[in-house]
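# Secondary and tertiary structure notes
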Amino acid sequence: MERTARRAPEVVVRVTGRQHGGGHVLANFSYISRLGHGEDVQVPLYTSDGDVLRDGQDMRILAQDWQEWEVGGDDRRKGATSISMVLSMPAATEPEALKASVLDFAREEFANRSWVAALHVDRDHPHVHLTIARRDHDGRRFHPNRDDLFRYRQRFAQKLRDRGIEANATPARARGIDPTHEPIAAKKMREKGLVPRIDKSRAERAQGFRDRGMPDPVRQVLAERHATVLQTYAKSIMELSSSPSLSDQVTAQTLSKFIEAMPDPESNSERAARLRLERERGLRPVEDRDPIALALAKYQQRSLGAQESEQAEAGVRPSDKLSGNALDDGVSDRLKAFIEKAGEDKSGEAVDRADDILRRVRERDLERQQRDIDRSKDRGGPQR
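Residues numbered from 1 in each chain as written. Predicted model: local features only at pLDDT ≥ 70, side-chain atom pairs only at ≥ 80, totals over all residues. Heavy atoms only, no water.

Under an unreviewed UniProt entry, the name given to the protein is Relaxase/mobilization nuclease domain-containing protein, and the organism recorded is Novosphingobium aureum.

Rendered as structure tokens:
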């Protein structure tokens, strides 16, 4: 929670493709090692056996070994031979520490499987290409799913933190982002100012709902999901603010500001359309609606007494002056608004649950203030 509230950099673990056959695997090895691009461009290829490959012949032999082990004597098999992934961090991350973290992660997570890795620093953010043999040493094939990828992110982030690099691995929905998968090709087209086919189809679908006078179910799902996330944060704030630990209380206040700055639910198609419109108008697009930037803008506008119209133009919701209480600083109103918008329970039970949560938070906060401040934390309780 403390890392999330401080907006610690999020690690990225993404499956980029699958290779079918020894030739395709060799092509992948050549690409991630930059083989044939000159000695000043080529990068070493680290293997699960502890070797470092730089020669194309060695890569060809390894790719052939993977293919022979995959087919297992059945040349008619059409399954993938390997799976490629990318593990990355934001700019300014130490590349060598990133590489060491990935290699350490791969040795543990894929201890019974062959893999190769290569560090790339040709972009603004360092990243490591990791290609894994699909069949392990016992003959079992793996199919990484969403849960596996989240586990990979968590372990990768821990390896980075072990080396003193600030890293976090939280679900996208916990950061106010639509977790729906976005194809890499679509992202690259948007960067070039083009409109990918997926955006066009989404826009046509949304227009169809508007023409029929029906609400878009995607917005409904996002609103309901976001309300659940805010409820979860409210419960965490309740427990942290009632703790006798000053550190926990500070974290509770930071989480309150984090929720206040969290962007409204926005689908990927709406976000793409907004960014495209901002570029056409010559505005500086804010890719992820940076919560820190929004929060600073809010507090600055409050202190300067900006007009409500200026706040709306900047995408900032007017808010009351901070009370100094972690429970009242933008949590209650925002939580209720999202639950009402989600329409989870038209009878008002959902809003009543939110009121009950906030009421209990206030009660526990008062109880905490009345406790003896000299009481040691967890006295007589379990030790971890």
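Text resumes after the structure shown.
## What to know about the overall build of the protein
Counting secondary structure elements, the protein contains 14 helices and six strands. Counting over 384 residues, the protein shows a buried share of 43%. Within the protein, residue pairs in contact and separated by at least 24 positions form 67% of the contacts whose partners lie at least 6 positions apart. For the protein, the computed accessible surface area is about 21,900 Å², with 49% contributed by carbon and sulfur atoms. (Helix = DSSP H or I, 4+ residues; strand = E, 2+ residues; numbered from the N terminus. Buried < 20%, exposed > 50% of the residue type's maximum accessible area, 1.4 Å probe, protein only. Contact = heavy atoms within 4.5 Å. Areas by Shrake-Rupley, 256 points an atom, 1.4 Å probe, with all protein chains shown as cover.)

## A word on the nonpolar core
The nonpolar side chains of soluble globular proteins are, as a tendency, buried together. Formed by 29 residues in total, the largest nonpolar core has its most connected members in Phe110 and Leu130. Of all the secondary-structure elements, those providing two or more residues to this core are strand S4 (82–88), helix H4 (95–109), strand S5 (115–120), strand S6 (127–133) and helix H5 (146–162). Per-element tally for this core: the top contributor is H4, with six residues. Beyond its immediate chain neighbours, meaning those up to four positions away, Phe110 contacts Phe105, Trp115, Leu130, Ile132, Phe142 and Tyr152. With 13 residues, the next largest nonpolar core counts Val43, Leu53, Met59 and Val116 among its residues. (Core = buried A, V, L, I, M, F, W, Y, C linked by side-chain atoms within 4.5 Å.)

## A closer look at the sheet that holds S6
The six strands lie next to each other as S1-S4-S6-S5-S2-S3, forming an open sheet whose pairing is antiparallel. Looking at which strands have only one partner, the edges of the open sheet turn out to be strand S1 (12–19) and strand S3 (52–53). Pairing geometry for S5 and S6, over six bridges, is antiparallel. Residue pairing across strands places Val116 opposite Thr131, the latter belonging to S6. (Pairing = 2+ DSSP bridges.)

## Topic: helix H3 (residues 56–71)
In an α-helix, one full turn covers 3.6 residues, which means residues spaced three or four apart are oriented alike. Between the first and last C-alpha of H3 there are 23 Å, a value that for 16 residues agrees with the 22 Å anticipated at 1.5 Å per step. The set of residues buried in H3 consists of Met59, Leu62, Ala63, Trp66, Gln67, Glu70 and Val71. The arc that holds every buried residue of H3, seen down its axis, measures 160°, which confines them to one face. Residues of H3 that are buried sit in contact with helix H2 (22–33), strand S2 (45–47), S3, S4, S5 and S6. Regarding H3, its N-cap is Asp55, as a side-chain oxygen of that residue lies 3.0 Å from the backbone nitrogen of Gln57 further along. In the segment just after H3, Gly72 is the residue with positive phi, at about 55°. (Expected span 1.5 Å × (residues − 1). Arc of directions from axis to C-beta. Polar contact = N/O pair within 3.5 Å; in protein donor to acceptor, adjacent residues only side chain to side chain.)

## Description of the packing of aromatic side chains
Pairs of aromatic rings are described using the distance from one ring centre to the other and the angle between the two planes. Tallied over the full model, the rule gives seven aromatic pairs. A ring pair is formed by Phe105 and Tyr152, whose centres lie 5.8 Å apart and whose planes are at 70°; its orientation type is edge-to-face. Of the two residues, Phe105 is situated in helix H4 and Tyr152 in helix H5; the sequence distance between them amounts to 47 residues. Residue Phe105 shares its accessibility class with Tyr152, and that shared class is buried. When the centroid spacing of 5.5 Å and the interplanar angle of 65° are considered together, the rings of Tyr233 and Phe258 count as edge-to-face. Here Tyr233, found in helix H8 (residues 217–241), pairs with Phe258, found in helix H9 (residues 246–261); they are 25 residues apart in sequence, far enough to count as distant. Joined through ring pairs, the aromatic side chains of Phe105, Phe110, Phe142, Tyr152 and Phe156 make up one cluster. In this structure, Arg34 packs its charged tip against the face of Tyr31, placed 4.8 Å from the ring centre. The cationic tip of Arg113 hangs over the ring face of Phe142; the distance from NZ or CZ to the ring centre is 4.1 Å. (Phe/Tyr/Trp six-rings, centres within 6.5 Å; stacked < 30°, edge-to-face > 60°. Lys NZ or Arg CZ within 6 Å of the ring centre and 35° of its normal.)

## Some words on the environment of Arg140
Counting through the fold element by element, Arg140 comes out in the loop between S6 and H5. Considering only alpha carbons, one finds Arg140 and Glu70, 70 residues apart in sequence, at a separation of 9.7 Å. Setting aside residues no more than four positions away along its own chain, Arg140 makes contact with Asn112, Arg113, Arg134 and Arg135. Engagement of the side chain of Arg140 in a polar contact is seen with the side chain of Asp138, the distance being 3.2 Å.

## Looking at a negative patch on the surface
Together, Asp49, Asp51, Asp55 and Asp58 make up a negatively charged patch on the protein surface. Checked against the element boundaries, Asp58 lands in helix H3. Asp58 sits in the partly exposed class, given a relative accessible area of 37%. (Patch = residues over 30% accessible without salt bridge, like charges linked within 9 Å, V, L, I, M, F, W, Y side chains within 5 Å. Salt bridge = Lys/Arg side-chain N within 4 Å of Asp/Glu carboxyl O. Lys, Arg positive; Asp, Glu negative; His and termini not counted. Charge placed at Lys NZ, Arg CZ, Asp CG, Glu CD.)

## Things to note about the packing of H4 against H5
Running from N to C, H4 and H5 cross one another at 130°; their axes reach a closest spacing of 9 Å. Considered as vectors, H4 and H5 are oriented oblique to each other. Considering how the two elements wind past one another, H4 and H5 form a crossing that is right-handed. Between H4, through Ala97, Leu98, Ser101, Val102, Asp104, Phe105, Glu108 and Glu109, and H5, the contact on the second element is made entirely by Arg151, Tyr152, Arg155, Phe156, Lys159 and Leu160. Among the residues forming the contact of H4 with H5, the class breakdown is seven nonpolar, one polar and six charged. (Axes fitted to C-alpha atoms, helices over the stretch in contact; angles between N-to-C directions. Parallel < 35°, antiparallel > 145°, perpendicular 65-115°, else oblique. Left-handed = near helix turned anticlockwise from the far one by under 90°. Nonpolar A, V, L, I, M, F, W, Y, C, P; charged D, E, K, R; others polar.)

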